[in-house]
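# Working through the structure, step by step
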Amino acid sequence: MKKKKLIHKIFPSYLIIIVISLFAISSLAVYKVRSFYLKQTNDNLLSIARIVDAHVKMEFDAENLEKLDLICKTLGEKSFLRITLVELDGVVLGDTEENPVNMENHADRPEVIQAISQGVGVSTRFSPTLRKHMMYIAVPHFQNNQLVGTVRVSVPIVELRDAFKSVYLWMLGIGLLIVLLSAVISYIIAKRITSPLEKMKVSAVKFAQGDFSQRITVPDSVELASLANTLNSTAVQLQKRIEIISNQRNEQDAVLSSMVEGVIAFDTHERVININPAAAKILNLEYEKVNNRLLEEVIRNPELRNYAREIFNEKKSREKEISINDGQLILQTHGTILYDATGEEMGFLLVMHDITAIRELDTVRKDFAANVSHEIRTPITAIKGFVETLMDGAVNDPETAREFLEITDRHINRLNDLIDDLLTLSRIQELGEVESIKVARKNLNEAVNSALNDCKHEADDKNIELVLEAGEQFEADINSELLERAVSNLINNAIHYSPENEKVIITLSGTDNEILISVKDNGCGIEEKHLQRIFERFYRVDKNRSRQLGGTGLGLSIVKHIVKAHNGRIEVKSVIGKGSTFTIYLPSGK
Ligand code: ADP
């Protein structure tokens, strides 16, 4: 049904009530005035009839007709009334208006009949003689106590009607004026009722839209004021609740967003009800567009999808390791059923922990352990072999014995170097992970020079010239023992992988916020494909060559960790056959 405005309901009803009551009151008033007027006229006519009756003393017969008629005409003229004298048999003996001789017999006139039978006769009707509506009053006329006829007095009723016509017109005019006035007043009243309601409606709509910046102005009527107050306090309550809910929501979002684990929740229809950025990243989804999407759309990996469904179907929390994206991501997944506050099941939740790095680390650790044992076993096996051979009699041949002992010594040195490197590596790693290394503001030129001196002996063996190029003195926050170790590792490598009679150039330079230590050789160079891996533990481009040179395969790995512990980085540029340049970048800490 079409809704009407309140003002359109109130205003017409007001108007109808006013018109009806006005009509009723005026009708009643007109009726009462008319009745009063008629009764008054009636009474007046009766009095006059009685006066005329008393005035007429002569016999009621045809002989006195002229005299009687004269009385009627004289009195009638003076009183503006019509007076008629009727004999008992109905013959008219006198009349104010007409010649009685010409008048018809009046015995059948109702007022005449009534006057004779009841004492007073009243009639209102059309007079054929005068062609007017008349009111007649007739009284019996007695002579010598004998009824001889009737005296009738009449007045044209038309005059009455005329009198009322103006009354009606007046009443109509005033009525219309009242209707108009009351229409205006009722419109104003209706407006006064509805306009605060309109204002309240506007504010209520704002409340519904979550805008609580304004309150409803309290109207002056008791009922509307209490409604406005109720709405205002409802708004306050609502605002508080919304604030609480949105705070809770924000806290929840903040917790979920800062979680490393991916969290995704589904409703019972397998639609996403909540997801955190970590989960969106793991599942390769756009975080903002995930809500309300189906399980099928958001989890493309069949194993993970089936696992989620199993959790929901079997109603059991479980953990599983699932690898997705062709094994690139390994997830430790925990699935659980979600229940609302009433204990009703509302969906299920997956928590995904990316353990790819942990698994990779596991692999690296396993590989490292295998590498270490292999690296250690090789010299030990060799030593054992030579010792056994010596014990088996070779010791008796001084020349062989010496040769074997020299080889054994080399292997022992190798073992020593290996253990030394392993210990250094684990120490730096531990320092880097658990606590930071101890640093002090030191002159870098001195540290680099000291590293250079450490390598001098080996360089001299190959007639390699070590050149230090430093335009100025540099200072940085360093652990000089470790940094010297890193630089000497680089210089040693440069010496090892360069032919004899070459130059190794060590340069110290600076940028705005970094100090660069580069070690450049003109050696064999490194193939592009190995560049990324040479910093891994035990990674060697040429295993045999490295071993022959007494390398442990840990040198660059140690350099990388020392540089990292100094918050720096290392880069390598190399051209096969031409040489390599290793550059350490250290924060200048200015
Ligand atoms: P190693 O003890 O074998 O030298 P490193 O970790 O120091 O172990 O180096 C790893 C590998 O990187 C070496 O085996 C070698 O193949 C390569 N390499 C390192 N420095 C140089 C260099 N200056 N020139 C050519 N190859 C190098």
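Residues numbered from 1 in each chain as written. Predicted model: local features only at pLDDT ≥ 70, side-chain atom pairs only at ≥ 80, totals over all residues. Heavy atoms only, no water.

## Description of the sheet that holds strand 6 (residues 262-266)
One open sheet accounts for five strands, arranged 7-6-10-9-8; its pairing is antiparallel. Strands with a single pairing partner mark the edges of an open sheet, and in this sheet they are strand 7 (272-275) and strand 8 (318-324). Between one strand axis and the next, the sheet turns through 25° on average, direction left out of account. Across three bridges, strand 6 lies against strand 7 in antiparallel orientation. Looking at strand 7, one finds that Ala-265 is bridged to Asn-274. (Pairing = 2+ DSSP bridges. Helix = DSSP H or I, 4+ residues; strand = E, 2+ residues; numbered from the N terminus. Axes fitted to C-alpha atoms, helices over the stretch in contact; angles between N-to-C directions.)

## Details of the domain arrangement of the protein chain
When cut into domains, the protein chain gives domain 1 (1-200), domain 2 (210-257), domain 3 (259-348), domain 4 (360-433) and domain 5 (437-587). On a C-alpha basis, the centroid separation for the pair domain 1 and domain 5 is 138 Å. (Domains from an automatic or database assignment.)

## What to know about the side chain of Glu-375
For Glu-375, the location among the structural elements is in helix 9 (residues 356-391). Among the polar contacts listed, one links the side chain of Glu-375 to the side chain of Arg-414, at a separation of 3.5 Å. Once you skip the residues sitting within four places of it in the chain, Glu-375 turns out to touch Arg-414, Leu-418, Phe-538, Arg-540 and Arg-547. (Polar contact = N/O pair within 3.5 Å; in protein donor to acceptor, adjacent residues only side chain to side chain. Contact = heavy atoms within 4.5 Å.)

## A few points about the pairing of strand 5 (residues 146-156)
Burial of strand 5 is extensive: nine of the eleven residues sit out of reach of the surface. The loop that links strand 4 (residues 132-143) with its antiparallel partner strand 5 comprises two residues; one of these, Asn-144, has a positive phi angle of about 50°. (Buried < 20%, exposed > 50% of the residue type's maximum accessible area, 1.4 Å probe, protein only.)

## Side note on helix 9
Here helix 9 is 36 residues long and its end C-alpha atoms lie 51 Å apart, about the 52 Å a rise of 1.5 Å per residue gives. Within the span of helix 9, buried status applies to Thr-356, Val-372, Glu-375, Pro-379, Ala-382, Ile-383 and Leu-390. In the stretch just after helix 9, Gly-393 is the one whose phi turns positive, near 135°. (Expected span 1.5 Å × (residues − 1).)

## Some words on the layout of surface pockets
Approximately 1,000 Å³ is the volume found for the largest pocket. Forming the walls of the largest pocket are 43 residues, and the residues nearest its centre are Asn-489, Asn-493, His-496, Tyr-497 and Gly-551. Those elements that place two or more of their residues in the lining of the largest pocket are helix 10 (398-434), helix 11 (444-461), helix 12 (480-496), helix 14 (543-548), helix 15 (555-565) and strand 17 (579-587). Take the lining of the largest pocket: its biggest share by element is ten residues, from helix 12. The class makeup of the residues in the lining of the largest pocket is 15 nonpolar, 15 polar and 13 charged. Split by domain, the residues of the lining of the largest pocket number at least three in each of domain 4 (360-433) and domain 5 (437-587). (1 Å grid on protein atoms, 1.4 Å probe; cavity = no way out; pocket = protein on both sides within 12 Å on 5 of 7 lines; lining within 4 Å. Points joined across faces, edges and corners; volume = space filled by probe spheres on them. Nonpolar A, V, L, I, M, F, W, Y, C, P; charged D, E, K, R; others polar.)

## Observations regarding the pattern of salt bridges
For the structure shown, the criterion picks out 29 salt bridges. A salt bridge links Glu-406 to Arg-402, with the nearest nitrogen and oxygen atoms 3.5 Å apart. Residue Glu-406 and its partner Arg-402 are located together in helix 10, separated by four residues, close to a single helical turn. Using a relative accessible area of 43% as the deciding quantity, one classes Glu-406 as partly exposed. Through salt bridges that share partners, Glu-104, Asp-108 and Arg-109 make up one connected network. (Salt bridge = Lys/Arg side-chain N within 4 Å of Asp/Glu carboxyl O.)

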